[in-house]
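Read off the chains here:
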Amino acid sequence: MDSTLAAELERIAVLVAEEAGRLIEDERPADLGVAQTKSSATDVVTVMDQRAQDLLRERLMGLRPDDAFFGEEDGGEVGTSGLTWVVDPIDGTVNYLYGIPAYAVSVAAVLGDPSVPGEWEPVAGAVCNPRSRETWHAHRGGGAWRTQGETSTPVHASAADDLGTALVGTGFGYRAERRAWQVAALTHVLPRVRDIRRMGSAALDLCAVAEGRLDGYYERGLNPWDMAAGVIIVEEAGGVVTGLDGTPSDDMVIASGSRLAAPLARLVRAAAETAGSEPT
Ligand code: IPD
């Protein structure tokens, strides 16, 4: 892809991710996690998720009417340009519910079919944490950046090569059977690394890898909208994103700096073997 177009897609991703970030931040009811019953609080989160996605769709389709749109919530659009905007309006919804400042809007421009693992590739993306006011962003060939206020800083993945001293992020899905499998895999990983972090937003975990705040990250069960922007940000930061068979997918996403990529992939494959097959 032409680098001017890729840079323009990155600019648009940042613009709309930050606008949706302001929406979920400014309109988050202050007592979301405490004053309401759990189920009604969850409904408010769903409403905010849908409102943020509607805003993203309206802005993106206004700016790029020929592109397709694919998000976590209801309401996709087909396109004719070959590009699809893959968005997660609130990644880290449980953190959002409880007011933990680790949630994000994730926006990526993707070539290919984002619903088929291995058949798509992000060309630009942005992840905005509206609480810390940090936005990580990248386009293919342009490096990875973190912008906070007026300051943009290039980010680089960790140079770590030793698993035993590596800080590794992971996450857990929502189904009990999936979680049981993830915990079985974790029992293989945890004794072999410095420590584990579970921060609650896959998009922010990937940005943490891009910046070296984590040496590595792995998770089973991610959707394209959780990872699309983070993948290009890690790769442009000099990191590697892979899966159990070489392709990141809902089966497994493994991300790290380049020197840790092979040992971490071996460890996660062994962990998956230890955990065995997952009950459906
Ligand atoms: C979730 C978060 C979480 C990860 C889960 C995701 P959501 O996304 O990214 O960190 O562990 O697998 O589903 O539901 O908050 O958009």
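For clarity, every value in this text was computed on a predicted model and none was experimentally measured. (Residues numbered from 1 in each chain as written. Predicted model: local features only at pLDDT ≥ 70, side-chain atom pairs only at ≥ 80, totals over all residues. Heavy atoms only, no water.)

What follows is about the site of the ligand. Of all residues adjacent to the ligand, which total 16 residues, the nearest are Asp91, Gly92, Thr93, Tyr174 and Glu219. In the environment of the ligand, an oxygen atom lies 3.3 Å from a nitrogen or oxygen atom belonging to the backbone of Ile90. Within the complex, the protein chains bury 94% of what would otherwise be the 370 Å² of accessible surface of the ligand. Comparing atom positions with the cavity grids shows the ligand to sit within the largest pocket. Counting residues per element, the shell around the ligand draws most heavily on strand 2 (residues 83–91), which supplies three residues. When the residues that make up the shell around the ligand are grouped by side-chain class, the tally is five nonpolar, five polar and six charged. (Near = heavy atom within 4 Å. Polar contact = N/O pair within 3.5 Å; in protein donor to acceptor, adjacent residues only side chain to side chain. Areas by Shrake-Rupley, 256 points an atom, 1.4 Å probe, with all protein chains shown as cover. 1 Å grid on protein atoms, 1.4 Å probe; cavity = no way out; pocket = protein on both sides within 12 Å on 5 of 7 lines; lining within 4 Å. Sits in = over half its atoms within 2 Å of the grid points. Helix = DSSP H or I, 4+ residues; strand = E, 2+ residues; numbered from the N terminus. Nonpolar A, V, L, I, M, F, W, Y, C, P; charged D, E, K, R; others polar.)

The phi dihedral of Arg133 is positive, around 60 degrees, even though this residue is not glycine. Positionally, Arg133 belongs in the loop between strand 4 (120–129) and strand 5 (134–139).

The next thing to look at is the layout of surface pockets. There is about 770 Å³ of room inside the largest pocket. In this structure, the largest pocket is lined by 34 residues; those nearest its centre are Glu72, Thr93, Val94, Phe172 and Tyr174. When residues of the lining of the largest pocket are traced back to their parent elements, those giving at least two are helix 2 (38–63), strand 2, helix 3 (93–98), helix 4 (176–189), helix 5 (202–211) and helix 6 (224–236). A per-class count over the lining of the largest pocket returns 10 nonpolar, 10 polar and 14 charged. Its volume calculated, the second largest pocket comes out at about 280 Å³. Along the walls of the second largest pocket sit 14 residues, with Glu18, Arg22, Cys128, Pro130 and Arg133 positioned nearest its centre. At the level of elements, helix 1 (3–26), strand 5 and strand 6 (144–148) are the ones that each hand at least two residues to the lining of the second largest pocket. (Points joined across faces, edges and corners; volume = space filled by probe spheres on them.)

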